[in-house]
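One letter stands for each residue in the lines below.
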Amino acid sequence: MSETTQQEDALVPVPDEVVAFFRRHQRLVVVGHLEPDADCIGSQVALADGLTRSGVPTQLLSPGPFERQEIAVYADRFVTDPGGVDPDATGVVVVDCSSADRIHPFEESLNGREMLVVDHHREGRPFGDVHFIRPDVPANTILITAILDTLAGGPRQREAQDLFLGLVTDTGFFRFLGSDEPVAFETAARLTRAGASPRLAAEHLDSGRSWGSRKIIARMLDRAEQLQDGQVLLTYMTSQDELEFGTRRDTDALYRLLLAIEDVRVIGVVKEKAHGCTVSFRANDETDVSRIAADFGGGGHQKAAGAFSTQSLTAFLPHVRTRLANL
Ligand SMILES: [Mn+2]
């Protein structure tokens, strides 16, 4: 497949103030959210590569950790220490983040630089100086594709592959999309024209899983409890599980198994962490789980959202159970 630099019109218009932001800065850093997924990492890597080859050296920052199997190969490209931020970078691009706390612990070391936020989340607390926020697009990588089409002559083959991986991550390989989101398919066509291979992306996502990642699914299925006559499911994992089975989870596979159960509308998955708990919600129906997450100080999308709490597992789990029992 040949690389293309052929200019195409951006599928999502990039606001003038966003184009002006990129023209103002000769060095940039790009940062994404804590516990990154492939939409975040694909957005960051493709943007940094596109900008760097266009003459704007761009550093990659991430709070990590790089636990998800599909992003592990990108880990050594990222600076994870806030002390390592390029001192000469005058601008910051924050991607796939709906609130400033999602880039912790980088907030302080990025202070004093102009900040552009590129995001597609629904609930959130707006921050930064310049915004390219489109909750109507199903993946952040769609917005990065538009930026590269506008500013860098379109994505190169490697960039297109990284963007495609993000696009299929946030859309469940297009299975989460409604009939009102053709932009995802238009972007997929645009990226495959630039050399992205859907088959390679699928192989990348569906291989190389650890034995422990399967055993932890078994344990969490075993622990799942039915609320509201089985329309709502809740399960959890402990820090002990992580010691036993390792950190290479495949939570998306667990979500698929739980959401496929008859009559299930909403699921909640709580994970015990070193200093608190996370909770993730997924919906099968029109329930807006970003609102449930917002009740716990988090955010996300209608069908997928999450939150973090500093409470212990034994304190937090009953709160989530009560909230889900009263949808
Ligand atoms: Mn995303």
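A. Expanded view of the overall build of the protein chain. From N to C terminus, the protein chain includes twelve helices and eleven strands. Taken over the C-alpha trace, the protein chain has a radius of gyration of 20 Å; the compact-globule value for 327 residues is 20 Å, and the two agree within 12%. Viewed in the frame of its principal axes, the protein chain has a C-alpha envelope of about 55 × 40 × 35 Å. Distance between charge centroids for the protein chain: 3 Å, based on 33 positive and 48 negative side chains.

B. Region of interest: the nonpolar core. Core analysis: the largest hydrophobic core is formed by 53 residues, its most contacted members being Phe 22, Leu 47, Val 93 and Val 118. Tallying contributions element by element places helix H2 (residues 38-53) first for this core, with eight residues. Setting aside chain neighbours within four positions, we find Val 93 in contact with Phe 21, Phe 22, Leu 28, Val 29, Val 30, Val 31, Leu 47, Leu 116 and Val 118.

C. Highlighting the coordination of the manganese ion. Around the manganese ion, the protein supplies Asp 39 (OD), Asp 96 (OD), His 120 (NE2) and Asp 170 (OD) as donor atoms, at distances of 2.1 to 2.5 Å. Along the chain, the residues donating to the manganese ion are arranged with the sequence spacing D-x56-D-x23-H-x49-D. Taken as a pair, Asp 39 in helix H2 and His 120 in the loop between strand E4 (114-119) and strand E5 (130-133) lie far apart in primary sequence, 81 residues in all. For Asp 39, a relative accessible area of 0% corresponds to the buried category.

D. A look at the pattern of salt bridges. Within this structure, the stated rule accounts for 21 salt bridges. The partner of Arg 209 in a salt bridge is Asp 250, and the shortest N-O contact between them spans 3.5 Å. Separated by 41 residues along the polypeptide, Arg 209 in the loop between helix H7 (198-205) and helix H8 (211-223) and Asp 250 in the loop between helix H9 (239-245) and helix H10 (251-259) bring together distant segments of the chain. Exposure remark for Arg 209: the relative accessible area of 24% places this residue in the partly exposed category. When its relative accessible area of 8% is taken as the criterion, Asp 250 is described as buried. Overlapping salt bridges bring together Glu 70, Arg 209, Arg 214 and Asp 250 as one network.

E. View of helix H12 (residues 313-325). Given a rise of 1.5 Å per residue, 13 residues ought to cover 18 Å, and the 18 Å separating the end C-alpha atoms of H12 matches this to within 8%. Turning to H12, its buried residues are Leu 313, Phe 316, Leu 317, Val 320 and Leu 324. Projected down its long axis, H12 carries its buried residues within an arc of 100°, all on one side. Next to the buried residues of H12 lie strand E6 (225-227), strand E7 (232-237), strand E8 (266-273), strand E9 (276-283) and strand E11 (304-309).

F. Structural context of the pairing of E4. Counting buried positions along E4 gives five out of six residues, so the element sits mostly inside the fold. Sheet topology note: the strand E3 (residues 91-95)/E4 ladder contains five bridges and is parallel. Counterpart to Val 92 in the pairing with E4 is Met 115. Two strands pair when backbone bridges link them, and E4 and E5 are joined in this way by four bridges, in the parallel orientation. Bridge pairing in E5 links Asp 119 to Ile 133.

The rules we used
- Residues numbered from 1 in each chain as written.
- Predicted model: local features only at pLDDT ≥ 70, side-chain atom pairs only at ≥ 80, totals over all residues.
- Heavy atoms only, no water.
- Helix = DSSP H or I, 4+ residues; strand = E, 2+ residues; numbered from the N terminus.
- Rg over C-alpha atoms; globule rule 2.2 N^0.38 Å.
- Lys, Arg positive; Asp, Glu negative; His and termini not counted.
- Charge placed at Lys NZ, Arg CZ, Asp CG, Glu CD.
- Core = buried A, V, L, I, M, F, W, Y, C linked by side-chain atoms within 4.5 Å.
- Buried < 20%, exposed > 50% of the residue type's maximum accessible area, 1.4 Å probe, protein only.
- Contact = heavy atoms within 4.5 Å.
- Donors = N, O, S within 2.8 Å, 3.2 Å for Na, K, Ca; no water.
- Salt bridge = Lys/Arg side-chain N within 4 Å of Asp/Glu carboxyl O.
- Expected span 1.5 Å × (residues − 1).
- Arc of directions from axis to C-beta.
- Pairing = 2+ DSSP bridges.

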